[in-house]
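In case you want the letters, here they are:
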Amino acid sequence: MRLRESLRDPRSPSTRTMRVLLADGRGTTVHVAEHDLRDVRLRVRRLPGLTPLEAWCRTHDVADALVGGFYLRGSFPEEGRAAATGVLDGLPLGELRIDGAPVRSVPFLDPWGSRRACVHAAGGAVRIARRHDLPDAPAGDLLQAGPLLVRDGVPVSGDDEGFSAGSSQFDSDITAGRHPRAALGVDGDRLIAVACDGRDDDEAGLDVGELARVMAELGAREALNLDGGGSTALVAGGRLRNVAREAHGVPLPGGRAIATALEFRPA
């Protein structure tokens, strides 16, 4: 896998687009927004119901944001899985805390909840780690997603967070195959927000291992996977950067409606 030289957006210097050339000869476009931790504060946002990220950013005058965690599809959250009706419930899946207080969500099935990765932001500090490595009731904001992609600068392999074994809470095994994907990384000085295209003839998407290698190549010391597929969304400079697509490849102008987001707010 090779990362081709990137193009920076002169109107948004923190944003660049690069081409990833994959081992089988295919490729995909990766959109990267980098933020200096001295200049931004990361906040977790619960969007009203389900809302496309670009539209929410426009309404709330937010210039930079990234899709957050997973959410339930279906109207039976007590079952902890998608309902056959396909009705969108919009309840976040995985632990969610804002300003230190828990926000209503559906926990991951045991025993995976304590193992799955989170991003925790308190003041100017941001940490990406497995849930059991964070305080039980942390101050600040916490969003759980996963799997953990990079630890100590090294891509994480395997599925010890149980996304394959616990796939009944999702439409499918989210770690299987190439798809549009989103991730957040941190290197001690920067936040690295990433979204890749996919589901098109010239856009292969990435599998979880490829995404982990991209994040490590970009310099992340720690990184986690966020909601992806048609929900993949990166807004930088007030504009949606990736091309959102449904599973059958049909574009989603403005992106799919999502439940949570990570906002990069000027400090």
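What you see is a predicted model, and the numbers here were worked out from it, not measured in a lab.

What follows concerns the side chain of R45. Among the secondary structure elements, R45 is positioned in strand β5 (residues 40–52). Looking at R45, its side chain comes within polar contact range of the side chain of E263, at 2.7 Å.

Going through the model one piece at a time under the given rule, you end up with one cavity of 30 Å³ or more. Reported here for the largest cavity is a volume of approximately 30 Å³.

Here we come to the packing of aromatic side chains. For the structure on display, the rule yields six aromatic pairs. Residues F70 and F108 carry aromatic rings whose centres are separated by 6.5 Å and whose planes lie at 65 degrees to one another, so their mutual orientation is edge-to-face. Of this pair, F70 sits in strand β7 (residues 70–73) while F108 sits in the loop between β10 (101–102) and β11 (117–122), placing them 38 residues apart in sequence. Both residues of the pair, F70 and F108, count as buried. Members of the aromatic cluster, joined through ring pairs, are F70, F108, F163 and F170. Positioned over the ring face of F108 is R116, at 4.5 Å from the centre of the ring.

A few words on the sheet that holds strand β13 (residues 141–144). The five strands are arranged β10-β9-β13-β11-β12 in an open sheet whose pairing can be described as antiparallel. Two strands close off the open sheet at either side, each with one partner strand: β10 and β12 (125–130). Pairing geometry for β11 and β12, over six bridges, is antiparallel. The residue of β12 that forms the bridge with A122 is A125.

What follows is about unusual backbone geometry. Look at the link from D110 to P111: it is a cis peptide, with omega at 0 degrees. Looking along the chain, the bond that leaves G146 and enters P147 is cis, with omega of 5 degrees. For P147, the location among the structural elements is in the loop between β13 and β14 (148–151). Despite not being glycine, D99 shows a phi value in the positive range, around 55 degrees. Looking at where D99 falls in the secondary structure, it is placed in the loop between β9 (96–98) and β10. Its relative accessible area of 58% is what places D99 among the exposed residues. For D152, which is not glycine, the phi dihedral falls at a positive 55 degrees. Assignment of secondary structure puts D152 in the loop between β14 and β15 (154–155).

What counts as what
Residues numbered from 1 in each chain as written. Predicted model: local features only at pLDDT ≥ 70, side-chain atom pairs only at ≥ 80, totals over all residues. Heavy atoms only, no water. Helix = DSSP H or I, 4+ residues; strand = E, 2+ residues; numbered from the N terminus. Polar contact = N/O pair within 3.5 Å; in protein donor to acceptor, adjacent residues only side chain to side chain. 1 Å grid on protein atoms, 1.4 Å probe; cavity = no way out; pocket = protein on both sides within 12 Å on 5 of 7 lines; lining within 4 Å. Points joined across faces, edges and corners; volume = space filled by probe spheres on them. Phe/Tyr/Trp six-rings, centres within 6.5 Å; stacked < 30°, edge-to-face > 60°. Buried < 20%, exposed > 50% of the residue type's maximum accessible area, 1.4 Å probe, protein only. Lys NZ or Arg CZ within 6 Å of the ring centre and 35° of its normal. Pairing = 2+ DSSP bridges.

Interpretation in functional terms is not warranted from these geometric data alone.
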